[in-house]
Amino acid sequence: MKGFALEVGLHWVAVGCYAVGSVLLAHAVMFDRPARVRRGIWLFALGLLPHALALGLRWYASGHGPYMSQYEVLSSNAWVLVALLLGFLWRKPSWAPLAVLVLPAAVLMIGLGLFSVPQMRELPPSLRSFWLIFH
C-alpha cells in the first residue's frame, strides 16, 4: 500500500506539471510570448518523469505492463499522448496551440484513472505470453 501512495503522489506531481504547463502555453499562445512557450514545454516535459516513474512502479508491483485496468490504461495512454506532443513541439514549436488541447486531455485521463478503481489485477493465464507486449 505504501508503494501505491508513492505512485499516486507521482501521478499528482505529473498532473500539476501538465496543468501549469498547459496554462503557461495557453497564455503564451494567446499573448504571443515565445519565451513562455519554451517554459511551458519544459514544464510539461518535466512532468513526464514522475509520470514514467509512477507507471514503472505499477509495472514492477503488478508484474505486467499497464494494460489490465482502466487506471493503468488511461495513465499509460496519457503518458504516450504527452510524449508524442513533446516530440511534435520539439520539431515544430509553432504547433504550441495543440498543447492547449492535448495537456488538459491528459490531465483528465489521469484524473479519471485515479478516481476509478485503481486496484491491481492478475494477468489471466490466457494473456501470459510475450506476444502481449507486441500487441
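Quick notes on the rules
- Here, residues in each chain are numbered from 1, in the same order as that chain's written sequence.
- Owing to the predicted nature of the model, reporting of local features is limited to residues with pLDDT of at least 70; listing and counting of side-chain atom pairs is limited to 80 or more, with chain, interface and lining totals taken over all residues.
- Each side-chain value is worked out from all heavy atoms of the structure, with water and hydrogens disregarded.
- Secondary structure is summarised from DSSP: a helix means a run of H or I of at least four residues, a strand means a run of E of at least two, and numbering begins at the N terminus for each.
- Buried, partly exposed and exposed residues are distinguished by accessible area as a fraction of the type maximum, computed with a 1.4 Å probe on protein chains only: under 20%, between the cut-offs, and over 50%, respectively.
- Residues count as neighbours in contact if any of their non-hydrogen atoms are within 4.5 Å of one another.
- Note on areas: these come from Shrake-Rupley sampling with a 1.4 Å probe, and a residue is covered only by the protein chains present in the view.
- By this rule, a helix spans an expected 1.5 Å times one less than how many residues it contains.
- Here a salt bridge means any side-chain nitrogen of Lys or Arg lying within 4 Å of a carboxyl oxygen belonging to Asp or Glu.
- Stacked, tilted and edge-to-face are the three classes assigned to paired rings of Phe, Tyr and Trp, where Trp is represented by its six-membered ring and a pair needs centres within 6.5 Å; plane angles under 30 degrees give stacked, over 60 edge-to-face, the rest tilted.
- Lines fitted to C-alpha atoms define the axes here, with helix axes fitted over just the stretch in contact, and angles between the N-to-C directions of these axes take values from 0 to 180 degrees.
- In a left-handed crossing the near helix is turned counterclockwise from the far helix by less than a right angle, and in a right-handed crossing that turn is clockwise.
- Residue polarity follows a fixed list, in which Ala, Val, Leu, Ile, Met, Phe, Trp, Tyr, Cys and Pro are nonpolar, Asp, Glu, Lys and Arg are charged, and the others, Gly among them, are polar.

Before going further, it helps to spend a moment on the overall build of the protein. Along the backbone of the protein there are 5 helices and 0 strands. Buried residues in the protein amount to 41% of all 135 residues. Residue pairs in contact within the protein that sit at least 24 positions apart in sequence constitute 72% of those at least 6 positions apart. Of the roughly 8200 Å² of accessible surface on the protein, 72% is carried by carbon and sulfur atoms.

A word on helix α2 (residues 34-62). Residues spaced three or four apart along an α-helix point in a common direction, a consequence of the helix completing one turn every 3.6 residues. For α2, spanning 29 residues, the distance from its first C-alpha to its last is 42 Å, which sits close to the expected 42 Å at 1.5 Å a residue. In the stretch just after α2, Gly63 is the one whose phi turns positive, near 85°.

This part is about the pattern of salt bridges. Taken as a whole and assessed by the stated rule, the structure comprises 2 salt bridges. One salt bridge in this structure joins Arg58 and Glu7, with 3.6 Å as the shortest N-O distance. In this pair, Arg58 is assigned in helix α2 and Glu7 in helix α1 (residues 2-31), connecting sequence segments 51 residues apart. Assigned by exposure class, Arg58 and Glu7 land together as buried. Between Arg58 and Glu72 there is a salt bridge; the shortest N-O distance is 2.9 Å. One end of the pair, Arg58, is in helix α2; the other, Glu72, is in helix α3 (residues 70-91), with 14 residues separating them in the sequence. In this structure, Arg58 and Glu72 share a single accessibility class: buried.

It is worth spelling out the packing of aromatic side chains at this point. This structure, assessed with the given rule, holds 3 aromatic pairs. Taking the centre distance of 6.4 Å and the plane angle of 75° together, the rings of Trp42 and Trp90 count as edge-to-face. Taken as a pair, Trp42 in helix α2 and Trp90 in helix α3 lie far apart in primary sequence, 48 residues in all. Of the residues examined, Trp42 reaches a relative accessible area of 59% and is grouped as exposed. Trp90 sits in the exposed class, given a relative accessible area of 62%. Residues Phe88 and Trp95 carry aromatic rings whose centres are separated by 5.6 Å and whose planes lie at 25° to one another, so their mutual orientation is stacked. For Trp95, a relative accessible area of 40% puts it in the partly exposed group.

Turning our eyes to something else, we now look at the packing of α2 against α3. When two helices pack together, you describe them by how their axes are tilted relative to each other and by the distance separating the axes. At their nearest, the axes of α2 and α3 sit 10 Å apart, and the two run at 145° to each other. Handedness of the α2/α3 crossing: left-handed. On the side of α2, the interface is formed by Ile41, Phe44, Ala45, Leu48, His51, Ala52, Leu55, Arg58 and Ser62, while α3 contributes Tyr71, Glu72, Ser75, Ser76, Ala78, Trp79, Val82, Ala83, Leu85, Leu86 and Leu89. When the residues that make up the contact of α2 with α3 are grouped by side-chain class, the tally is 14 nonpolar, 4 polar and 2 charged.

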